[in-house]
Amino acid sequence: MKSDKFKETLLGPLNKNNPVVVQVLGICSALAVTVQLKPALVMGLSVTIIVALANVIISLLRNTIPNSVRIIVQLVVVAAVVTVVSEILKAFAYDVSVQLSVYIGLIITNCILMGRLEAFAMSNKPLDSLLDGLGNGIGYAWILIVVAFFRELLGSGKLFGFQIIPESFYEAGYVNNGLMMMPSMALILVACIIWVHRYINKDLQEK
Amino acid sequence: MEHALSLFVRSIFVDNMIFAFFLGMCSYLAVSKNVKTSVGLGIAVTFVLLITLPVNYLLETKVLSKGALAWLGEGFADLDLSYLSFILFIAVIAAIVQLVEMVVEKFSPTLYASLGIFLPLIAVNCAIMGGALFMQQRVGLEPTDPKALTNMLDVVAYALGSGLGWMLAIVGLAAVREKMEYNDVPAPLKGLGITFITVGLMAMAFLCFSGLEI
């Protein structure tokens with residue numbers, strides 16, 4: 001019984017309760033860092049770690065936080081965790097942290113964090129909150145990776161910076177789709193994911 | 001003065017918060033169902049940006065960046081507190097939003113009623129934090145760079161432009177969505193999906209401004 005609940009908390013956000021395409025949280029960064037796979041992967045990983053950690057911390061503190069100042073407490077906890085992650089990235093993956101620029105700092109105001117802290121960590125035990133954080137982080141990361149995969153493959157013919165589309169294609173007249181590098185195509189790709197997702201999960205369709 | 005004017009126009013059209021950087025997307029998608037509320041949210045965002053950005057600018061140039069504390073005396077001249085910037089910026093934003101909410105409630109109940117629930121939500125709107133972080137990046141640029149923020153006037157112009165650009169985007173989307181109510185959209189795309197496509201097309205239209213030389 002108990003393991004069923006754990007499974008649901010961990011795996012639910014991957015599909016039926018996905019933070020990006022169902023709960024509509026954390027769209028800002030999901031769109032902005034997906035020009036290439038590498039920053040998208042790093043971003044997904046950072047958000048997963050931050051959500052899980054912040055969820056556990058808030059969940060441990062949940063009985064001591066007065067209701068009236070909870071938003072500020074949550075923001076400070078998140079800001080502290082984000083600062084640590086950002087300093088680690090600067091130290092060990094400097095070029096990626098430059099590519100992600102302000103979006104690392106913006107994880108603080110990423111709605112996934114505030115949404116999960118408010119909706120889950122404030123009323124659940126630390127272990128459940130950890131699983132919820134991991135589930136939501138991974139649910140967010142896979143959307144990022146799918147979007148980045150198509151944008152990098154079609155936009156520059158590369159994956160992780162390695163040339164995938166062979167030279168002979170270009171000689172035969174194949175051209176990279178420059179539009180894929182533009183912000184607008186990220187939105188349309190997410191729309192396509194939503195389309196497929198809701199076509200499969202008919203109960204999520206809006207009237 | 002000219003530089004401030006060009007920053008103002010650029011931040012509305014070229015560096016639009018929504019269409020170029022996707023900042024404030026969550027509330028943008030959630031609150032754009034009708035024009036009236038979206039105007040309210042747009043005004044609130046502009047207002048808060050206009051107040052928090054100058055404060056954060058002072059914080060950045062007088063406290064946080066390397067050597068900024070020199071005015072305190074010799075011993076502080078090579079201190080670099082920039083790792084504190086996330087925590088301080090978000091604290092300033094949260095505190096000012098709270099303060100603005102109280103002041104508005106006291107002195108202008110009508111404005112308070114129209115902004116209503118949006119004010120507290122703005123503390124976690126990424127457009128505000130994003131504005132502060134972009135400001136931090138732009139302060140370090142060469143003064144000749146068209147994006148550089150060199151003095152208070154530039155910062156105010158940038159804040160006002162970013163806010164108005166955000167408002168323009170949300171009011172535009174709300175107007176489109178109001179009309180779209182009557183369209184026959186494929187069932188899986190209804191609601192969220194078609195909104196994304198609409199924003200994508202709007203962003204594509206705004207791409208034309210990127211060639212603008214000001």
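Please refer to the structure higher up on the page.
Rules behind the numbers
- Residues numbered from 1 in each chain as written.
- Chains lettered and ligands numbered in written order.
- Predicted model: local features only at pLDDT ≥ 70, side-chain atom pairs only at ≥ 80, totals over all residues.
- Heavy atoms only, no water.
- 1 Å grid on protein atoms, 1.4 Å probe; cavity = no way out; pocket = protein on both sides within 12 Å on 5 of 7 lines; lining within 4 Å.
- Points joined across faces, edges and corners; volume = space filled by probe spheres on them.
- Helix = DSSP H or I, 4+ residues; strand = E, 2+ residues; numbered from the N terminus.
- Nonpolar A, V, L, I, M, F, W, Y, C, P; charged D, E, K, R; others polar.
- Contact = heavy atoms within 4.5 Å.
- Buried area = accessible area lost by both parts, 1.4 Å probe.
- Salt bridge = Lys/Arg side-chain N within 4 Å of Asp/Glu carboxyl O.
- Polar contact = N/O pair within 3.5 Å; in protein donor to acceptor, adjacent residues only side chain to side chain.
- Expected span 1.5 Å × (residues − 1).
- Buried < 20%, exposed > 50% of the residue type's maximum accessible area, 1.4 Å probe, protein only.
- Axes fitted to C-alpha atoms, helices over the stretch in contact; angles between N-to-C directions.
- Parallel < 35°, antiparallel > 145°, perpendicular 65-115°, else oblique.
- Left-handed = near helix turned anticlockwise from the far one by under 90°.
- Patch = residues over 30% accessible without salt bridge, like charges linked within 9 Å, V, L, I, M, F, W, Y side chains within 5 Å.
- Areas by Shrake-Rupley, 256 points an atom, 1.4 Å probe, with all protein chains shown as cover.
- Phe/Tyr/Trp six-rings, centres within 6.5 Å; stacked < 30°, edge-to-face > 60°.

This paragraph deals with the layout of surface pockets. Within this model, the largest pocket holds a volume of roughly 850 Å³. Considering the residues around the largest pocket, the lining is formed by 40 residues, among which C111 of chain A together with C26, S27, L121 and V124 of chain B are closest to the centre. The leading source of residues in the lining of the largest pocket is helix α2 (residues 25–30) of chain B, at 5 residues. Split by residue class, the lining of the largest pocket holds 23 nonpolar, 11 polar and 6 charged. Within this model, the second largest pocket holds a volume of roughly 580 Å³. In terms of lining residues, the second largest pocket is bounded by 23 residues, among which K90 and S101 of chain A together with F86, Q136 and Q137 of chain B are the most central. Mapped onto the lining of the second largest pocket, the elements with two or more residues apiece are α4 (70–92), α5 (94–100) and α6 (102–105) of chain A together with α4 (85–107) and α7 (126–139) of chain B.

Let us look at the interface of chain A and chain B. Listed as interface residues are 42 residues of chain A and, on the opposing side, 39 residues of chain B. Taken over both partners, the interface formed by chain A and chain B buries close to 3,400 Å², and the fraction arising from carbon and sulfur atoms is 83%. Counting the contacts that link chain A with chain B gives 0 salt bridges. Across the contact surface, chain A and chain B share 0 residue pairs in polar contact (both at pLDDT 80 or more). Elements that contribute at least two residues to the side of chain A that touches chain B include exactly α2 (27–32), α4, α6, α7 (111–119) and α10 (183–200) of chain A. Per element, the largest residue contribution to the side of chain A that touches chain B is 12 residues, and it comes from α10 of chain A. Class assignment of the residues belonging to the side of chain A that touches chain B gives a composition of 30 nonpolar, 8 polar and 4 charged.

Here the focus is helix α1 (residues 2–13) of chain B. Residues and elements named next belong to chain B. For α1, built from 12 residues, the straight-helix expectation of 16 Å at 1.5 Å per residue is met to within 8% by its first-to-last C-alpha distance of 17 Å. Among all positions of α1, only A4, S6, L7, R10, S11 and I12 are buried. At its buried positions, α1 is contacted by α7, α8 (152–180) and α9 (192–207).

Let us now look at unusual backbone geometry. Notably, F22 of chain B is not glycine yet its phi reads approximately 60°, a positive angle. The residue F22 of chain B is located in the loop between α1 and α2 in this model.

This next bit is on the pattern of salt bridges. Tallied over the full model, the rule gives 5 salt bridges over all chains. In this structure, D95 of chain A engages K38 of chain A in a salt bridge whose closest nitrogen and oxygen atoms are separated by 3.9 Å. Here D95 of chain A is found in helix α5, whereas its partner K38 of chain A is found in helix α3 (residues 37–61), with 57 residues between them in sequence. A relative accessible area of 39% means that K38 of chain A is categorised as partly exposed. Of the charged contacts, one joins D132 of chain A and R116 of chain A as a salt bridge, the two residues approaching to 3.1 Å between their closest N and O atoms. Of this pair, D132 of chain A sits in helix α8 (residues 126–156) while R116 of chain A sits in helix α7, placing them 16 residues apart in sequence. There is no split in this pair, since D132 of chain A and R116 of chain A are both buried. Linked by salt bridges that have partners in common, R10, D15 and R138 of chain B make up one network.

Taken as a whole, this structure holds 1 cavity of 30 Å³ or more when the rule is applied. Each pocket or cavity is described by its volume, and for the largest cavity that value is around 40 Å³. Considering the residues around the largest cavity, the lining is formed by C28, S29, Y103, L106 and N110 of chain A together with L23 and C126 of chain B. A class-by-class count of the residues in the lining of the largest cavity yields 5 nonpolar, 2 polar and no charged.

Let's shift gears to the packing of α8 of chain B against α9 of chain B. All names here are of chain B. Taken N-terminus to C-terminus, the directions of α8 and α9 make an angle of 130°; their axes are 11 Å apart at the nearest point. The orientation of α8 with respect to α9, classified from their angle, is oblique. Crossing hand, α8 versus α9: right-handed. Along its contact with α8, which presents L168, A169, G172, L173, V176, R177 and M180, the element α9 presents I194, T195, T198, V199, M202 and F206. Residue composition of the contact of α8 with α9, grouped by class: 9 nonpolar, 3 polar and 1 charged.

Before going further, it helps to spend a moment on the environment of V81 of chain A. Residues and elements named next belong to chain A. With respect to the helices and strands, the residue V81 is situated in helix α4. Judged by relative accessible area, which is 9%, V81 ranks as buried. When the C-alpha positions of V81 and F160 are compared, they lie 27 Å apart, and in sequence the two are 79 residues distant. For V81, the residues in contact, after removing those within four places along its chain, are I50, L53 and I57.

With that settled, consider a nonpolar patch on the surface. Among the surface-exposed residues, W195, V196, Y199 and I200 of chain A lie close enough to one another that they form a single nonpolar patch of about 460 Å² accessible area. Overall, the relative accessible area of 54% leaves Y199 of chain A in the exposed class.

By the definition in use, this model includes 8 aromatic pairs over all chains. Ring centres of F169 of chain A and Y174 of chain A lie 6.3 Å apart, and the angle between their planes is 75°; this geometry places the pair in the edge-to-face category. With a relative accessible area of 46%, F169 of chain A lands in the partly exposed category. Residue Y174 of chain A is classed as partly exposed on the basis of its relative accessible area, which comes to 29%. An angle of 45° between the planes, with centres 4.6 Å apart, marks the rings of F21 of chain B and F134 of chain B as tilted. Here F134 of chain B lies in helix α7 and F21 of chain B lies in the loop between α1 and α2, a separation of 113 residues in the sequence. Grouped by ring-pair contacts, the aromatic residues F13, F19, F206 and F209 of chain B constitute a single cluster.

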